[in-house]
Amino acid sequence: MNPDQPVEFHALCGHLIAAPADRVGQEVRCPHCHRVARVPSPDIPYASPVPVPAGAIEPLALTALYVTTLIGGLLAAGLIYLVMFDEFSESELVSITPLWFFPVVFGLYGFASQRLLRHIATGRARTLGEAARVSIDVAGHWAALVLFPFLVLRWRSSLLVSLAAALFWAVLLWLFFELLFPAL
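Residues numbered from 1 in each chain as written. Predicted model: local features only at pLDDT ≥ 70, side-chain atom pairs only at ≥ 80, totals over all residues. Heavy atoms only, no water.

S.K.: What am I meant to see in helix α2 (residues 90-121) here?
M.R.: Compared with the 46 Å implied by 1.5 Å per residue over 32 residues, the 46 Å span of α2 between its first and last C-alpha is a close match. The largest bend along α2 measures about 35 degrees and falls at I96, with the proline P98 one to four residues further on. Looking one or two residues past α2, G123 carries a phi angle of roughly 85 degrees, positive in sign. (Helix = DSSP H or I, 4+ residues; strand = E, 2+ residues; numbered from the N terminus. Expected span 1.5 Å × (residues − 1). Bend = angle between axes of the 7 residues up to and from the residue.)

Structure representation (structure tokens):
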């Protein structure tokens, strides 16, 4: 390694910081979290695991809730539209749409918000909106349609975010059925 090249490593907060090579083994202060970190030797690879702060990972029960609702919603949609479709009238299909739609939306937004919250926990973003903008930059501008609730919400709870997103889509679904669907 070049002695003039800085040593890059992850601080305890997860941010990537650099220190001069002559500071190996000494303590430096992270400019992001202001905690002291020891500069590792240059043979520790840049791609070492990023530490995730304690409490940054949400409970496994929430992930199980998102999986259960997502699978339940997809199974309900499959049952309704692939197996029992001919048994329902058009108005009945409209009225039972929330039975599969909201569990799917809730589960998907739960997973998405957990991923975005991990971006915050590892220091790749400061807010939920910033994390969503990074995802939109990667996925393209069409992702903004799906990630819109994350751009305006400031909560750090995937449960609150997924409930708010489900409510947002409930209003859009209601508007669709009330305003556009009768005209189709």
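S.K.: How do you make sense of the packing of α2 against helix α3 (residues 128-139) when you look at a structure like this?
M.R.: The angle between the axes and the distance between the axes are what describe a pair of packed helices. In contact at an axis separation of 9 Å, α2 and α3 are set at 110 degrees when each is read in the N-to-C sense. Between α2 and α3, the angle is such that the two are roughly perpendicular. Side by side, α2 and α3 meet where L116, L117, H119 and I120 of the first sit next to L128, A131, A132 and S135 of the second. Considered class by class, the residues forming the contact of α2 with α3 number 6 nonpolar, 2 polar and no charged. (Axes fitted to C-alpha atoms, helices over the stretch in contact; angles between N-to-C directions. Parallel < 35°, antiparallel > 145°, perpendicular 65-115°, else oblique. Contact = heavy atoms within 4.5 Å. Nonpolar A, V, L, I, M, F, W, Y, C, P; charged D, E, K, R; others polar.)

S.K.: What is the right way to read the nonpolar core from this model?
M.R.: Note on soluble globular proteins: their nonpolar side chains tend to be buried together. Grouped together as the largest cluster of nonpolar side chains are 27 residues, with contacts concentrated most on W100, L116, L128, L147 and F150. Broken down by element, the residue count for this core peaks at 10 residues, all from α2. With 9 residues, the next largest nonpolar core counts F9, C30, A37 and V39 among its residues. (Core = buried A, V, L, I, M, F, W, Y, C linked by side-chain atoms within 4.5 Å. Buried < 20%, exposed > 50% of the residue type's maximum accessible area, 1.4 Å probe, protein only.)

S.K.: Is there a simple way to think about the pattern of salt bridges in this case?
M.R.: Considering all chains together, one arrives at 1 salt bridge under this definition. When the shortest N-O distance is used, the salt bridge between R38 and E27 registers 3.4 Å. Of this pair, R38 sits in strand β4 (residues 36-38) while E27 is found in strand β3 (residues 27-29), placing the two residues 11 residues apart along the sequence. Classification of R38 by relative accessible area gives exposed; the value is 53%. (Salt bridge = Lys/Arg side-chain N within 4 Å of Asp/Glu carboxyl O.)

S.K.: What exactly am I supposed to notice about the side chain of T97 here?
M.R.: Within the secondary structure, T97 sits in helix α2. On the basis of relative accessibility, which here comes to 6%, the residue T97 falls in the buried class. Only 2.8 Å separates the side chain of T97 from the backbone oxygen of L93, close enough to count as a polar contact. With residues near it in sequence (within four places) discarded, T97 still touches Y81, L173 and F177. (Polar contact = N/O pair within 3.5 Å; in protein donor to acceptor, adjacent residues only side chain to side chain.)

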